Amino acid sequence: MEQEITRRRTFAIISHPDAGKTTLTEKLLLYGGALELAGSVTAKKKQRETSSDWMELEKKRGISISSTVLQFDYEAYRLNLLDTPGHKDFSEDTYRVLTAVDSVIMIIDAGKGIEDRTRKLFEICRKRGIPIFTFMNKLDRPAMPPLELIDQLEKVLDIHAFPVNWPLESGPHFKGVYDRVMKEAHLFQKVPGGAYRAPVSVHDFSDPRVRGVLDERTYGEIAEELELLDQAHGGLSADEVLAGRTTPVFFGSASNNFGVELLLKGFLNYSSGPAPRRGGNGPIPLEGPVFSGFVFKVQTNMNPQHRDRMVFARICSGKFRRDMNVYHSRLKKEVRISSAHVLFGRERETLEEAYAGDILGFVTNTPFRPGDTITADPSISFREIPRFAPECFAYIYNTSTPAYKSFRKGFDHLLAEDIVQAFRLDENPGPLPLLGAVGPLQFEVLQYRLRDEYGAETRLEMKPWTALRWLDSDVEEEKLKKILPYGAVTGADDAGRRVVLFSTDWSCGNFASTNPSVTLLDSLL
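Residues numbered from 1 in each chain as written. Predicted model: local features only at pLDDT ≥ 70, side-chain atom pairs only at ≥ 80, totals over all residues. Heavy atoms only, no water.

Take the sheet that holds strand 32 (residues 520-521) next. Taken in spatial order, the eight strands make up an open sheet running 28-25-27-26-30-31-29-32, and their pairing is antiparallel. Because the sheet does not close on itself, it has two edges, and the strands there are strand 28 (458-462) and strand 32. As paired strands, strand 25 (residues 392-398) and strand 27 (residues 434-437) are joined by three bridges and run antiparallel to one another. Across the sheet, residue Cys392 finds its bridge partner in strand 27, namely Ala437. Most of the contacts of helix 11 (residues 404-416) go to strand 25, to which it runs at about 150°, and overall it touches strand 25, strand 26 (421-425), strand 27 and strand 28. (Pairing = 2+ DSSP bridges. Helix = DSSP H or I, 4+ residues; strand = E, 2+ residues; numbered from the N terminus. Contact = heavy atoms within 4.5 Å. Axes fitted to C-alpha atoms, helices over the stretch in contact; angles between N-to-C directions.)

In this structure, Glu75 is a non-glycine residue whose phi angle is positive, near 50°. With a phi close to 70°, Glu169 is a non-glycine residue in the positive phi region. With respect to the element layout, Glu169 can be found in the loop between strand 7 (165-168) and strand 8 (176-179).

So, about the pattern of salt bridges. By the definition in use, this model includes 32 salt bridges. Between Glu384 and Arg128 there is a salt bridge whose closest N-O contact spans 2.7 Å. Here the residue Glu384 occupies a position in the loop between strand 23 (373-375) and strand 24 (387-388), and Arg128 occupies one in helix 5 (residues 116-128), the gap between them amounting to 256 residues. Accessibility expressed as a relative area gives 11% for Glu384, which makes it buried. For Arg128, a relative accessible area of 35% gives the class partly exposed. (Salt bridge = Lys/Arg side-chain N within 4 Å of Asp/Glu carboxyl O. Buried < 20%, exposed > 50% of the residue type's maximum accessible area, 1.4 Å probe, protein only.)

One face of the sheet, then the other: side chains in a regular strand alternate in exactly this way. Of all five residues making up strand 22 (residues 359-363), four are buried, and the element is well covered by its neighbours. Taken together, the five bridges between strand 15 (residues 309-317) and strand 22 define a ladder with antiparallel strand orientation. Among the inter-strand pairings, Ala313 is bridged to a residue of strand 22, identified as Leu360. Relative to strand 22, strand 19 (residues 339-344) runs antiparallel, the two sharing three bridges. Opposite His341, over in strand 22, you have Gly361 as the bridge partner.

As a further point, take the packing of helix 2 (residues 21-31) against helix 10 (residues 260-270). Running from N to C, helix 2 and helix 10 point in directions that differ by 80°, and their axes come no closer than 9 Å. Viewed along their axes, helix 2 and helix 10 adopt a mutual orientation that is roughly perpendicular. Judged by residue contacts, Leu24, Lys27, Leu28 and Tyr31 of helix 2 engage Val260, Glu261, Leu263 and Leu264 from helix 10. Classifying every residue of the contact of helix 2 with helix 10 gives six nonpolar, no polar and two charged. (Parallel < 35°, antiparallel > 145°, perpendicular 65-115°, else oblique. Nonpolar A, V, L, I, M, F, W, Y, C, P; charged D, E, K, R; others polar.)

Bringing the nonpolar core into the picture now. In globular proteins that are soluble, nonpolar side chains generally tend to be buried together. One finds Leu24, Leu28, Leu98, Ile105, Leu153, Phe251 and Phe296 to be the most contacted residues of the largest nonpolar core, which totals 93 residues. Ranked by residue count, the leading element in this core is helix 10, at seven residues. Discounting chain neighbours no more than four positions away, the residues touching Leu153 are Met106, Ile108, Ile114, Thr134, Met136, Asp158, Ile159, Ala161, Thr247 and Val249. (Core = buried A, V, L, I, M, F, W, Y, C linked by side-chain atoms within 4.5 Å.)

Glancing now at the packing of aromatic side chains. Per the stated rule, a full pass over the model turns up 16 aromatic pairs. Ring centres of Phe362 and Phe368 lie 5.3 Å apart, and the angle between their planes is 80°; on these two criteria the pair is classed as edge-to-face. Phe362 sits in the buried class, given a relative accessible area of 1%. With a relative accessible area of 0%, Phe368 lands in the buried category. Across the ring face of Phe162, the terminal group of Arg180 is positioned such that the distance to the ring centre comes to 4.9 Å. (Phe/Tyr/Trp six-rings, centres within 6.5 Å; stacked < 30°, edge-to-face > 60°. Lys NZ or Arg CZ within 6 Å of the ring centre and 35° of its normal.)

A word on the sheet that holds strand 7. The strand order across the open sheet built from four strands is 7-8-9-10, with neighbouring strands paired in antiparallel fashion. Whereas interior strands pair on both sides, the edge strands pair on one side only; in this sheet they are strand 7 and strand 10 (200-203). If you compare each strand with its neighbour and ignore which way they point, the axes differ by 25° on average. Here strand 8 runs beside strand 9 (residues 184-188); their pairing, made up of four bridges, is antiparallel. In the strand pairing of strand 9, Tyr178 is matched with Ala185.

On to the confidence of the model for the protein chain, then. For the protein chain, the average pLDDT comes to 86, and 91% of its residues sit at 70 or higher. Within the model, the stretch residues 40-54 combines pLDDT values under 50 with 42 contacts to residues more than four positions away or in other chains. Residue range residues 61-65 is modelled with pLDDT below 50. Its contacts to residues more than four positions away, or to other chains, number 22 contacts. (pLDDT = per-residue confidence, 0-100.)

Quick look at the structure:
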């Protein structure tokens, strides 16, 4: 069991939108042997669609709107790769995924540097102590000077950056990278559409072949930069990487397959296997006899023909065997997991066993929710999944009476995914809850899926509130109503926890400052 657990690598890819996250995901699968032909979001007719963007709306919009699990073997390792949405409106899905991984590859567009979404995701990883590997992407396009990118990375994110390799020019003149650890220059050749592995030749930096592809001035500048790096960035400490104090930096072009294999091998060299998670009274031993894990995602209709519900769980300890009974912490009952799968986007294969660090996917009718603990020991309970305050609010209505049954069924199924949050207002105890989302695109996805998967046309009625806070203090209802500002309303979330909605962010902040005895929370764990 210890040997199996040690070879697990469970990681996510994060980035600002359009930095190349889904493209890099495809290329890691290509070099990992899981794909023979890489697709492209902007693919030509004869090229494949991306394996990670499997939902119909993702294919139409050309963006990732749902996290995806891709499991495959590479050399001696079992990799669990989680592709996450880059758009800020789906940040809750991304945050939940980050609770299930042991490390992260952060992509930065070398032409733009560190962008707002990258900074926010980095801070989430830092708070959780997740090791971060950096890939400077799109070197095949005009890019910022590499020294400037490294300097920005260290100053903006306050982390030590170690360049594992160094680009040999950029833009249309991008030739390859120099591996600073192995002291080798890797020269690449383009392949049509980046669909196949890029042919590469490896040379010493002083080799005439390297000098031949670089003009004399450029060769001299790169030589000076490498000398400067050797003085300022000496050895790479694996302990510093795992502690989250150093990020190994790789340069390349995911679309052209330049530097992707070096990133994959470097990631495996400096990352580690699963770490113990806290459950109840302390850390749960990975190789212990007790199976345990937590649910971080629920996805309905991955197979539309069967209207099934796939539950994704991170295994935290022990060994999973198909058909085993587990204790469901929230429902306080035993559940049999018989339909377990190895996942590759929408594709699935029957899973017989899995170990700590693996991502378990299983089909069930049991109403699982993100955050639920599954375990062989009822005393174990994980609190891993955060909940963040939404910023957009709306009611959704069915517009076709004959389709109401389908609407209600789809509505309940999609709420179980936590695709949006649900609240009941004290002033409006109607049959349908108020919906909350981080951004309006979540509502668009909800309406699209109700129409596409359940045949239900809907109408959205946006509401004026812009801030929600959970109440963390016992305040009498009558007293609360007297001190609330104009436009604010009270209610409860789907777990019965009290909330207050404010019409503006200023109103929320002013209420908090003038009523210090009332504790407001913008997130829950």
